[in-house]
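Reading the structure
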Amino acid sequence: MPESLLYGTEVVLNGLMAGVLYALVALGFVLIYKASGIFNYAQGVMALFAAMTLYGIMVGQVPFAHLINAIFGTHIHNFGWEVPAIIAIVLTVVVMVLFAWLVQQYIFRHLVGQEPIILFMATIGLAYFLEGVADLMWGSEIKALDVGLPQGGSLWIEENTQWLGMGNENFYGFFLDQLDLIATVIAAVLVIALVAFSQYTKQGRAMRAVADDHQAALSVGINLNFIWVLVWSVAGFVALVAGIVWGSKSGVQFSLSLIALKALPVLMLGGFTSIPGAIVGGLIIGVGEKLFEFSIGPLVGGATENWFAYVLALLFLVFRPQGLFGDKIIERV
Amino acid sequence: MLDASEGYVTEDGRQIGGVVMEMKNITLRFGGVVAIKDISFDIREGEIRAIIGPNGAGKSSMLNVISGFYVPQEGEVFFHGKKRPQMRPYEVAQQGIARTFQNIALFEGMSVLDNVMTGRLNHMKTGLFSQALWKGKAEREETENREIVERVIDFLEIQHIRKTPVSRLPYGLKKRVELARALAAEPKLLLLDEPMAGMNVEEKEDMSRFILDVNDEFGTTIALIEHDMGVVMDLSDRVVVMDYGKKIGDGTPDEVRTNQDVIDAYLGVSHD
Ligand SMILES: Nc1ncnc2c1ncn2[C@@H]1O[C@H](COP(=O)(O)OP(=O)(O)OP(=O)(O)O)[C@@H](O)[C@H]1O
Ligand SMILES: [Mg+2]
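Every residue gets a number counted from 1 within its own chain, in the order that chain's sequence is written. Going through the entries in the order they are written, you letter the chains from A and number the ligands from 1. In keeping with the model being predicted, local features are shown solely for residues with a pLDDT of at least 70 and side-chain atom pairs are shown and tallied solely at 80 or more, while totals for entire chains, interfaces and linings include all residues. In computing side-chain values, all of the structure's heavy atoms are included and hydrogens and water are not.

Assigned secondary structure in chain A consists of 14 helices and zero strands. Each helix and strand of chain A, placed in order from N terminus to C terminus, yields the pattern α-α-α-α-α-α-α-α-α-α-α-α-α-α. Relative to the 2.2 N^0.38 estimate, which gives 20 Å for 333 residues, the radius of gyration of chain A is 21 Å and therefore close to what a compact globule would have. In terms of its C-alpha atoms, chain A occupies a principal-axis envelope of roughly 65 × 65 × 40 Å. Classification of the 333 residues of chain A by burial places 51% in the buried group. Taking as baseline every contact in chain A between residues at least 6 positions apart, the subset at least 24 positions apart corresponds to 73%. When the accessible area of chain A is evaluated, it comes to approximately 15700 Å², of which 69% is carbon and sulfur surface. Note on charges: Lys and Arg go in the positive column, Asp and Glu in the negative column, and His and the chain ends are not counted at all. Where a charge lies is defined by one atom per residue type, namely NZ (Lys), CZ (Arg), CG (Asp) and CD (Glu). Positive and negative side-chain charges in chain A, numbering 12 and 20 respectively, have mean positions lying 17 Å apart. We count a stretch as a helix when DSSP gives it H or I for four or more residues in a row; a strand needs E for two or more, and each element gets its number in order from the N terminus. The reference for a compact globule is 2.2 Å times residues^0.38; the radius of gyration itself is calculated from the C-alpha atoms. A simple rule labels every residue: compare its accessible area, found with a 1.4 Å probe on the protein chains alone, to the largest value its type can have, and call it buried under 20%, exposed over 50%, or partly exposed in between. Contact definition: two residues touch when any of their heavy atoms are within 4.5 Å. Only the protein chains shown count as cover for residues, and all accessible areas are computed by the Shrake-Rupley method using a 1.4 Å probe.

Quick look at the structure:
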């Protein structure tokens, strides 16, 4: 194989892996948007909050330690124990379900039937509130999250793909990050599980029904409130997975909440209401931005990854506003 | 002809049972508008009960009160002799009361089959975890639900459009699919808000036949709203007549047809 093709392939593979993660974050948005018409600006902060909570539980941090110490003049920071990753993950899931319930019970329950822009504003409020709570609860320093996911390049893949170079001295085999590989597998499993859940379970069917028509859903005996808590819980779980992967990669810090911004172009491409759209959109953006950076980047001084996705999304907005698979927008006159 | 406690026998010889649903002194207001003014009536086991009246009389509002979509400011609802506490629509549905809507509320993104299948959601007992753990039980339940759904689809003669997305169907068929979804729930009480509105003569005849057959074959109690006097007279056993939120007549079709208040309301004597 010629060298450029080999490197191109490697770029595509890395792009696909990044794309799966984008898809995962975008899925969190799609789930809530479909079921309730809410564009959840807080999705990124939820990922941050989930990752911080997971870290806090693992290292035995006392939640709200600063607050407690300030009020009672104590000096507690740590319980002095460590919690295994798997148990900490389960506990974090519980926290995210509780969060989902609180959000539904105290915010969105009271906003049913409101204009989308009002719902959107409410999620902006929620995002900053949650960011504040996360800070207060776990502290704002950067945390190195390690749930035992492998890091660094995969030697196995490098060694086993070296032959593709056919004697080319400069080609050492594909360099793929192990964490990215694992993340891809996790995201893929999660996506399949979500699709299976929504197709084959009673709750999943009810979720689809609610997404389609509230009145009709009520008339067949679906408890909308319960479904919305469920949807927020699932979105919280998706946020946790995204938080774990991103947090393992570059530490748990406030910039983690910005991964939500990566999901925006994916949503514009895939449509806000389509699960397959989120997946394919994520892959297209992941591959597209890596390939663009690889081929055009050097000509324009690099850093194209910052804007490429948005330009692609803009083009889509102009020519196909409903996205790849989004519900067709039909103007009613 | 009417017997207060034990029901009655209809003209065509069907035995009607005791009271299933009783509305007592219902009053419903929207701001200044009084949609329902102190109305009482009952629905008996096995009968076809019609609610008629001019536009804006409060018929849909009454159906919405029964199905829990509207909460009346005053009055009481008795279901099977027990006073019903304030219930959300999904709770009412879980009690075995199914309904259709005047403006059709279907799951437009789903096929006909999937729409009708949602009518079974209430009957799916198996929870999320047991679905994963006891695959056999979940599968048996699924098969059972499918059988009932297929029976309803056959019954309403919509086999040919089973797989069609609902959004592509013409109006008349949508109404029929909505009825199918309600029937799939095997309701004790079926509420139909203008099931024949906007249909042509042939479609109306079909729908009338289906309603009679449902009542006849499954013994389903039905309350329906209809504008067309002729249709109402043919279909129903007893009729409530509403006008401007008030009940102005209640009785057999023959009784209400000769009621002077009803005649006035329909001829527009007292208003305009
Ligand atoms: N959700 C609502 N909010 C405010 N007013 C309402 C609402 N629903 C009904 N009304 C009012 O209550 C009155 C009765 O309306 P309703 O829909 O029950 O009449 P209807 O007999 O079903 O009429 P139609 O034959 O046109 O369907 C009307 O004045 C209507 O404007
Ligand atoms: Mg009406």
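Bringing the interface of chain A and chain B into the picture now. Contact residues are listed per partner, giving 21 residues for chain A and 28 residues for chain B. Summed over both partners, the accessible area (1.4 Å probe) lost when two parts come together is defined as the buried area. Together, K202, R205 and V220 of chain A form the three largest contributors to the area buried by chain A at its contact with chain B, with a combined 30%. Any carboxyl oxygen of Asp or Glu that lies within 4 Å of a side-chain nitrogen of Lys or Arg is treated as forming a salt bridge with it. Linking chain A with chain B are one salt bridge, by the criterion used here. A salt bridge links E142 of chain B to R205 of chain A, with the shortest nitrogen-to-oxygen separation between them at 2.9 Å.

Glancing now at the pairing of strand β3 (residues 19–30) of chain B. Residues and elements named next belong to chain B. Think of it this way: DSSP has to see at least two bridges between two strands before they count as a pair. Alignment of β3 against strand β4 (residues 33–44), held across eight bridges, turns out to be antiparallel. Opposite M21, over in β4, you have I43 as the bridge partner. Two successive antiparallel strands, β3 and β4, enclose a turn made up of two residues, where G31 displays a positive phi of approximately 60°. Both β3 and strand β6 (residues 74–79) contribute to a ladder of five bridges, which runs antiparallel. The residue of β6 that forms the bridge with M21 is F79.

Further remarks concern the nonpolar core. Take the buried residues of types Ala, Val, Leu, Ile, Met, Phe, Trp, Tyr and Cys, join any two whose side-chain atoms come within 4.5 Å, and each joined set is a nonpolar core. One finds F108, I222 and W232 of chain A together with L156, I158, L190 and I211 of chain B to be the most contacted residues of the largest nonpolar core, which totals 149 residues. Where each domain begins and ends follows an automated or database-derived domain assignment. Both domains that furnish three or more residues to this core are identified here as domain 1 (1–96 + 187–272) and domain 2 (107–186) of chain B. Look past the residues within four positions of L190 of chain B in its chain and what remains in contact with it is A98, L179, A182, L183, V214, T220, T221, I222 and A223 of chain B.

This part covers the domain arrangement of chain B. Residues and elements named next belong to chain B. Domains assigned within chain B are domain 1 (1–96 + 187–272) and domain 2 (107–186). In this structure, domain 1 and domain 2 have C-alpha centres spaced 27 Å apart. Counting residues at the interface gives 21 residues for domain 1, matched by 13 residues for domain 2. When domain 1 packs against domain 2, the two sides together hide about 1300 Å² of surface, and 69% of this comes from carbon and sulfur. Its largest share of buried area at the contact with domain 2, domain 1 owes to P187, M207 and F210, together 37% of the area lost on that side. The closest approach of N and O atoms between R176 and D206, which form a salt bridge, is 3.6 Å. We define a polar contact as two N or O atoms separated by no more than 3.5 Å, with the added condition that, inside protein, one atom must be a possible hydrogen donor and the other a possible acceptor, whereas residues neighbouring each other in sequence contribute only through side-chain atom pairs. For the pair domain 1 and domain 2, the number of links is two residue pairs in polar contact (both at pLDDT 80 or more). Listing elements by their share of the side of domain 1 that touches domain 2, those giving two or more residues are α2 (89–94), β9 (189–193) and α7 (201–218). Looking at which element gives the most residues to the side of domain 1 that touches domain 2, the answer is α7, with nine residues. Think of it as three bins: nonpolar holds Ala, Val, Leu, Ile, Met, Phe, Trp, Tyr, Cys and Pro, charged holds Asp, Glu, Lys and Arg, and polar takes everything else, Gly as well. Per-class residue counts for the side of domain 1 that touches domain 2 are 11 nonpolar, two polar and eight charged.

All names here are of chain B. A 2.8 Å cut-off from the metal defines N, O and S donors, relaxed to 3.2 Å for Na, K and Ca; water is not in the atom list, so some sites may appear incomplete. The protein atoms that coordinate the magnesium ion (ligand 2) are S60 (OG) and Q102 (OE1), at distances spanning 1.9 to 2.1 Å. You can see S60 sitting in helix α1 (residues 59–66) and its partner Q102 sitting in the loop between β8 (97–99) and α3 (112–118), a full 42 residues away along the chain. What makes Q102 partly exposed here is its relative accessible area of 30%.

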